[in-house]
Amino acid sequence: MKTSHDKIGVIGAGLGGLAAACTLAARGHKVILFERNEWLGGKAAQLEGGGFRFDMGPTIVTIPSVLRRIFTEAGRRMEDYLDMVRLDPQWRCFFQDGSVLNLMQQPEAMTGELERFAPGTNSGQRYLDFLKLSERLNDISQRFFFYKPIGGLRDMFDFKTAFDPSVLGDVLAMRMGRSVAGTVRSFTPDARVAQMMDHFTQYVGSSPYGSPAVLCGIAHMQTDEGIWYPMGGTRAVPVALEKLARELGVEIRTNTHITKVLTQGKQVTGVRTNHGEEIPLRSVVSNCDSVRTHRELINGAVGAKFEKRRRYEAACSGVVLYLGLNKRYDHLAHHDFVFSRDPHEEFDYIYKKGEPAPDPTCYLAATTCSEPATAPAGGEALYVLVHTPYLRPHHDWKKMLPAYRKVILDKLKTTGQMPDLEERIVFERALTPQDIHDRYHVLDGAIYGLASHGKFLGAFKPGNRSPDLKGLYLAGGAAHPGPGMPMVLMSGWIAADTLDKDANGAGNVIPLPARKLEPQKLAAG
């Protein structure tokens with residue numbers, strides 16, 4: 001009979017923790033999943049009020065093959081747990097000059113859209129050229145970066161074959177030393193098109209001027225697999241994973257805060273809860289922020305070594321407005337960007353000055369386009385996200401929010417073409433960087449874990465297997481491969497796969513093929 005010493009603990013039931021727990025349980029491990037809140041899913045929570053329903057965090061699913069892999073581990077079909085609709089246009093873009101541009105999934109359709117939008121600039125053909133580069137970068141990422149416990153460049157390549165022509169070609173293709181913004185602008189002379197293309201990397205919460213060019217590979221992932229909306233909202237994803245976890249026998253303990261990872265020498269031995277209970281465990285997967293895991297749950301020599309390894313900077317935070325409208329706007333698509341007048345100014349304020357941008361980009365989700373039940377008849381559940389700096393000591397968002405709310409609404413009234421917006425608001429809630437910090441226990445209120453800044457090594461996050469503490473594995477947006485729903489899910493799978501291989505011997509798991517979702521429904525634009 002197995003004792004608790006044979007069990008694996010997963011700290012944090014966000015998406016990464018749920019992915020890790022399901023994968024481990026599917027492979028026969030006994031798993032205890034600890035969650036300090038009453039709900040599972042972390043930022044993938046939901047807000048309801050006044051007949052409106054809002055996703056509080058992520059609003060779409062990209063790269064659904066990552067999520068499918070987790071269900072396939074257990075011999076299940078993702079489609080039996082989730083009903084998803086494809087969004088096309090993927091985004092609708094609103095610019096300061098009043099122009100509007102749809103981002104279409106199919107490259108050929110997008111080429112025509114760009115030729116009409118920016119005639120005489122060759123933007124359509126250059127967009128196809130950009131996607132070819134993006135596909136190459138994605139291919140490199142698939143072979144060397146994804147689904148592996150990477151912590152740095154040395155983990156990606158076998159340096160015994162470093163001078164092999166094909167490996168050298170891959171390294172050169174990564175455009176190390178170049179930024180996302182610089183790469184994008186080498187493919188289009190139109191500033192508006194460049195601003196749209198910059199936002200393929202929105203999911204990493206970092207400035208395109210400071211992020212490495214290899215992140216341009218995200219564009220291919222998005223055009224290849226599409227953007228999807230789960231019926232019931234993105235909250236449906238953790239609900240489905242919780243159902244799978246329970247079917248697989250995962251023990252779930254909510255309202256249980258882990259206060260310490262217990263160790264003996266350089267080996268994890270268990271955890272201590274806020275109730276004072278000490279639970280012996282064979283290994284631990286921490287889905288908490290990796291920096292806070294080491295500072296608050298481990299500390300000591302191991303924590304100090306982690307801190308010295310690199311400089312850890314939080315990614316951006318954000319202000320979210322949840323606006324219940326008594327009348328929807330027909331010109332909005334499900335997924336919209338209302339762009340700033342000057343991206344360089346915007347990113348300079350957020351990432352260098354550390355202050356909210358005076359003219360920000362607003363990300364919108366108008367969910368009644370795909371699911372009318374998210375609002376009363378004729379109304380709209382409008383989600384508005386504006387990126388802000390991570391928390392600084394002088395930021396007091398209780399005082400800052402009223403003025404910045406006005407900045408956001410003014411932007412939506414003008415560039416967003418919603419002049420009567422305030423008259424339509426009948427329900428409103430807000431989430432500030434301080435709220436995000438307090439609610440989700442992340443580093444300095446960051447939405448996207450750690451920043452991806454650095455033109456050479458910015459894509460690298462702390463590896464999923466601790467090099468300092470045996471039996472400790474890391475998942476979540478502040479661990480490899482980084483932030484965004486699919487990457488966080490992948491981090492949980494990688495942590496679980498690495499732990500399983502360490503326990504049972506490498507090479508015992510056959511990689512699963514990624515299959516594309518077939519379109520079930522098409523959301524209205």
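Small disclaimer: the values here were computed from a predicted structure and weren't measured.

Conventions and cut-offs
Residues numbered from 1 in each chain as written. Predicted model: local features only at pLDDT ≥ 70, side-chain atom pairs only at ≥ 80, totals over all residues. Heavy atoms only, no water. Helix = DSSP H or I, 4+ residues; strand = E, 2+ residues; numbered from the N terminus. Buried < 20%, exposed > 50% of the residue type's maximum accessible area, 1.4 Å probe, protein only. Contact = heavy atoms within 4.5 Å. Areas by Shrake-Rupley, 256 points an atom, 1.4 Å probe, with all protein chains shown as cover. Core = buried A, V, L, I, M, F, W, Y, C linked by side-chain atoms within 4.5 Å. Pairing = 2+ DSSP bridges. Axes fitted to C-alpha atoms, helices over the stretch in contact; angles between N-to-C directions. Phe/Tyr/Trp six-rings, centres within 6.5 Å; stacked < 30°, edge-to-face > 60°. pLDDT = per-residue confidence, 0-100.

### Focus: the overall build of the protein
Here comes step 1: For the protein, the count of helices and strands is 17 helices and 20 strands.
Here comes step 2: Buried positions account for 62% of the 525 residues belonging to the protein.
Here comes step 3: Taking contacts inside the protein between residues at least 6 apart in sequence as the whole, the part at least 24 apart equals 72%.
Here comes step 4: Of the roughly 20,300 Å² of accessible surface on the protein, a fraction of 52% belongs to carbon and sulfur atoms.

### Re the nonpolar core
Side chains of nonpolar character tend, in soluble globular proteins, to be buried together.
Here comes step 1: Counting residues in hydrophobic clusters, the biggest one holds 142 residues, and the most contacted among them are L241, L382, L412 and L421.
Here comes step 2: Broken down by element, this core gets its largest block of residues, 10 residues, from helix α17 (residues 485–504).
Here comes step 3: Discounting residues that sit within four places of it in the chain, L241 has contacts with L15, L18, C22, L67, I70, F71 and L489.
Here comes step 4: If you look at the next biggest cluster of nonpolar residues, it comprises 17 residues, including V261, I279, L297 and V302.

### Details of the sheet that holds strand β16 (residues 335–338)
Here comes step 1: With mixed pairing, the 7 strands of this open sheet are ordered in space as β8-β7-β16-β17-β18-β15-β19. Edge positions in the sheet fall to β8 (100–103) and β19 (425–431), since each of these pairs with one other strand and no more. Neighbour-to-neighbour, the strand axes of the sheet open up by a mean angle of 20°, direction not taken into account.
Here comes step 2: Of the strand pairs in this sheet, strand β17 (residues 362–366) and strand β18 (residues 380–388) are connected by 4 bridges, and their pairing is antiparallel. What sits directly across from A366, in β18, is L382.
Here comes step 3: Against the sheet, helix α14 (residues 397–414) makes contact with β15 (317–325), β16, β17, β18 and β19, and its axis sits at roughly 60° relative to β15, the strand it touches most.

### Overview of the packing of aromatic side chains
Here comes step 1: Taken as a whole and judged by the stated rule, the model has 22 aromatic pairs.
Here comes step 2: Look at F54 and Y322: their rings are 5.7 Å apart centre to centre, the planes differ by 65°, and that puts the pair in the edge-to-face class. Separated by 268 residues along the polypeptide, F54 in strand β4 (residues 52–55) and Y322 in strand β15 bring together distant segments of the chain. One exposure class covers both F54 and Y322, and it is buried.

### What to know about the sheet that holds strand β11 (residues 258–264)
Here comes step 1: An order of β11-β12-β13 is seen for the 3 strands of this open sheet, with the pairing classed as antiparallel. Looking at which strands have only one partner, the edges of the open sheet turn out to be β11 and β13 (278–280). When strand polarity is set aside, the average angle formed by the axes of neighbouring strands in this sheet is 30°.
Here comes step 2: Sheet topology note: the strand β12 (residues 267–273)/β13 ladder contains 3 bridges and is antiparallel. Looking at the pairing, V271 lines up with I279 of β13.

### Some words on unusual backbone geometry
Here comes step 1: The omega torsion across D88 and P89 is 15°, close enough to zero to call that bond cis.
Here comes step 2: Its place among the elements puts P89 in the loop between β6 (84–86) and β7 (91–94).
Here comes step 3: Cis peptide bonds are those with omega within 30 degrees of zero, and the linkage from H480 to P481 qualifies with 5°.
Here comes step 4: As for its position among the elements, P481 is in the loop between β20 (472–474) and α17.
Here comes step 5: Within the chain, I63 stands out as a residue other than glycine whose phi angle is a positive 45°.
Here comes step 6: Structurally, I63 is set in the loop between β5 (61–62) and α2 (64–73).

### Quick look at the confidence of the model for the protein
The predicted coordinates ought not to be read in detail in places where the model reports low pLDDT.
Here comes step 1: The share of residues in the protein with pLDDT of 70 or more is 89%, and the mean pLDDT across the chain is 90.
Here comes step 2: Per-residue pLDDT stays below 50 along residues 507–525; that stretch engages in 45 contacts with residues further than four places along the chain or on separate chains.

### Considerations on the side chain of T23
Here comes step 1: Following the sequence through the fold, T23 ends up in helix α1 (residues 15–26).
Here comes step 2: Residues contacting T23, with those up to four places away along its chain left out, are I70, E73, W493 and A496.

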